[in-house]
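The chain contents come next:
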Amino acid sequence: MIYKISIERRKNRDEKPYVETYEYEARTDADTVVSALSAINEGLEDKIAWDCSCLQKKCGACAMIINGKPGLACDAKLAKVGGKTGTISLCPLRKFPLVKDLLVDRSILFNNLLTIRNWAEEEAFASEKKNDVLYEASRCLQCGCCLEVCPNFYAGGTFFGMASAVPVSRLLEELPKDEQKRLRLDYSKHFYNGCGKSLACRDICPAQIDIEKLLVNSNAITLWKHLFKK
């Protein structure tokens, strides 16, 4: 099948965006948006800028807006996203500064984790009873799709969104109680106080992380257990 792929392009964030449409003939039903972008770029002098790494839905680098929804290009099969019409639109994520074309600067994700010091000062351990929580939290790709659909997140704001809350939920289980205080305060400031509980992040997550479960657990650790503790 021949797909018509419309791509929003810009040389930099200050330039007015324009759309270019390319045709790509799929070779197999397994062809993805990555397959199409790679093939299209082979014939272009002005290459389409986009990011990728693992191509196995493990790193989150290829996140972009596909037909109006954020997702991973390596996981978006053309047969599914193109439907019967074979038309596909690609745009960069909107919540991050644009670099060029489909490439954005997602460094805010990692800067936010540095701000809340999301690491253990010493060796940390967790109860085996919480292995399910640790497993869910460890699957976060840091792709930014959750922030794209979050009504409360914007780059540079004090609300850091689930991209920070998920990694923190793991550390909250691993840190000893005497080291939790600092992280509990940061969680309350940069997540709990700004989250509207819309759970749009849960529905869009490429890794299908049980975000609601992590929320309930982290909120209990950081707030409820201490609020009602006598």
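Use the structure listed above.
(A) Representation of the environment of Lys213 in the model. By the secondary structure assignment, Lys213 is in helix α9 (residues 211-227). The class of Lys213 is partly exposed, set by a relative accessible area of 31%. Spatially, the C-alpha atom of Lys213 lies 9.8 Å from that of Asp132, the residues being 81 residues apart in sequence. Separated by 2.5 Å, the side chains of Lys213 and Asp132 make a polar contact.

(B) Representation of the packing of helix α4 (residues 131-138) against helix α6 (residues 162-174). One can describe the packing of α4 onto α6 by two numbers: an axis separation of 8 Å at closest approach and a directional angle of 150°. Taken as axis vectors, α4 and α6 run roughly antiparallel relative to one another. Of the two possible hands of crossing, α4 and α6 adopt the one that is left-handed. Only Val166, Ser169, Arg170, Glu173 and Glu174 of α6 make contact with α4, whose side of the interface consists of Val133, Leu134, Ala137 and Ser138.

(C) Representation of the packing of aromatic side chains. Applying the stated criterion to the full structure yields three aromatic pairs. On the numbers, 6.4 Å between centres and 45° between planes, the contact of Phe96 with Phe153 is tilted. Linking Phe96 in the loop between β5 (87-91) and β6 (98-100) with Phe153 in the loop between α5 (145-149) and α6, this pair joins segments that are 57 residues apart in sequence. Given a relative accessible area of 5%, Phe96 falls into the buried group. Classification of Phe153 as buried rests on a relative accessible area of 3%. Considering the side-chain rings of Tyr187 and Phe191, the 5.5 Å spacing of their centres and the 45° angle between planes classify their relative orientation as tilted. Of this pair, Tyr187 and Phe191 both sit in helix α7 (residues 177-192), four residues apart, roughly one helical turn. The pair formed by Tyr187 and Phe191 is uniform in burial state, with each residue classed as buried. Among the aromatic residues, ring-to-ring pairing joins Phe159, Tyr187 and Phe191 into one connected group. The lysine or arginine in question, Lys197, covers the ring of Tyr192, its NZ or CZ lying 4.8 Å from the ring centre.

Conventions and cut-offs
- Residues numbered from 1 in each chain as written.
- Predicted model: local features only at pLDDT ≥ 70, side-chain atom pairs only at ≥ 80, totals over all residues.
- Heavy atoms only, no water.
- Helix = DSSP H or I, 4+ residues; strand = E, 2+ residues; numbered from the N terminus.
- Buried < 20%, exposed > 50% of the residue type's maximum accessible area, 1.4 Å probe, protein only.
- Polar contact = N/O pair within 3.5 Å; in protein donor to acceptor, adjacent residues only side chain to side chain.
- Axes fitted to C-alpha atoms, helices over the stretch in contact; angles between N-to-C directions.
- Parallel < 35°, antiparallel > 145°, perpendicular 65-115°, else oblique.
- Left-handed = near helix turned anticlockwise from the far one by under 90°.
- Contact = heavy atoms within 4.5 Å.
- Phe/Tyr/Trp six-rings, centres within 6.5 Å; stacked < 30°, edge-to-face > 60°.
- Lys NZ or Arg CZ within 6 Å of the ring centre and 35° of its normal.

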